[in-house]
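# Descriptive analysis of the structure
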Amino acid sequence: GAGVSQTPSNKVTEKGKYVELRCDPISGHTALYWYRQSLGQGPEFLIYFQGTGAADDSGLPNDRFFAVRPEGSVSTLKIQRTERGDSAVYLCASSLDGVGYEQYFGPGTRLTVT
Amino acid sequence: KQEVTQIPAALSVPEGENLVLNCSFTDSAIYNLQWFRQDPGKGLTSLLLIQSSQREQTSGRLNASLDKSSGRSTLYIAASQPGDSATYLCAVKKTSYDKVIFGPGTSLSVIP
């Protein structure tokens, strides 16, 4: 079956611009996670959705970052007033629910802020 | 605050060798631990998931062990192959609904 997909695969934007990154989880998965990965490091947790609600958004670095999942499937990560330090690979994962099931990752979106 | 470390950061072995990757975590109160593989420019692929009540999990040439009391997990790869070359990451979850904390990964190169 289809895995987790993310679009776009690459995004180059200028400092100060607004960007949206999209994640399509595996059908039927109620839990969805966003991570950010910098070169040579493991993924860093950003936010976790259970259904439509954000169960844990403690990883969002500041109020420029926001994520939604209005219908409990597709999620969008939104970054306002991008900074060069936001450049990273943004990974999305989904699991059957949040309770102990494996997370399945998408290929990521590489964001470059110039 | 949970911290996850992985040793070594990089490893290079000849094909056919058995090898062990190490993962340590500071808070032993975990819900589960998961090992992932990441190929360059790609997302993560789950290899093994160990629940806190389990001691080990096996899949093919891979065996992962968990010692909660000492805050350690190992990933054993038998008869390594060039196709095993990738970065291996471990990740822990504190409670059933908690976020996942990743280690920095071990970059493995298997030389033909």
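Residues numbered from 1 in each chain as written. Chains lettered and ligands numbered in written order. Predicted model: local features only at pLDDT ≥ 70, side-chain atom pairs only at ≥ 80, totals over all residues. Heavy atoms only, no water.

Turning our attention to the overall build of chain B. For chain B, the helix and strand inventory stands at 0 helices and 11 strands. Starting at the N terminus and ending at the C terminus, chain B contains elements arranged as β-β-β-β-β-β-β-β-β-β-β. Taking 13 Å as the expected radius of gyration for a compact globule of 112 residues, we find that chain B reaches 13 Å, a close match to that expectation. Burial analysis of chain B (112 residues in total) assigns 44% to the buried set. Surface accessibility of chain B: about 5,200 Å² in total, with carbon and sulfur atoms responsible for 50%. (Helix = DSSP H or I, 4+ residues; strand = E, 2+ residues; numbered from the N terminus. Rg over C-alpha atoms; globule rule 2.2 N^0.38 Å. Buried < 20%, exposed > 50% of the residue type's maximum accessible area, 1.4 Å probe, protein only. Areas by Shrake-Rupley, 256 points an atom, 1.4 Å probe, with all protein chains shown as cover.)

Counting 22 residues, the largest nonpolar core has F25(B), L33(B), W35(B), L75(B), I77(B), Y88(B) and L108(B) as the members making the most contacts within it. Secondary structure elements with two or more residues in this core: β3 (19–25), β4 (32–38), β5 (44–51), β7 (62–67), β8 (72–77), β9 (86–93) and β11 (106–111) of chain B. In this structure I77(B) touches E17(B), N18(B), L19(B), R61(B), L62(B), D84(B), Y88(B) and L108(B), once residues within four positions along its chain are discounted. Of all hydrophobic cores here, the second largest spans 20 residues; its members include C23(A), I26(A), I47(A) and F49(A). (Core = buried A, V, L, I, M, F, W, Y, C linked by side-chain atoms within 4.5 Å. Contact = heavy atoms within 4.5 Å.)

Residues and elements named next belong to chain B. Spatial ordering of the open sheet is given by β1-β3-β8-β7-β6, a layout of 5 strands whose pairing is antiparallel. Each edge of the sheet is formed by a strand with only one pairing partner; in this case those strands are β1 (4–7) and β6 (56–59). Each adjacent strand pair in this sheet contributes to an overall mean axis angle of 15 degrees, direction not counted. (Pairing = 2+ DSSP bridges. Axes fitted to C-alpha atoms, helices over the stretch in contact; angles between N-to-C directions.)

From the geometry alone we can't say anything about function, so treat these as descriptive.
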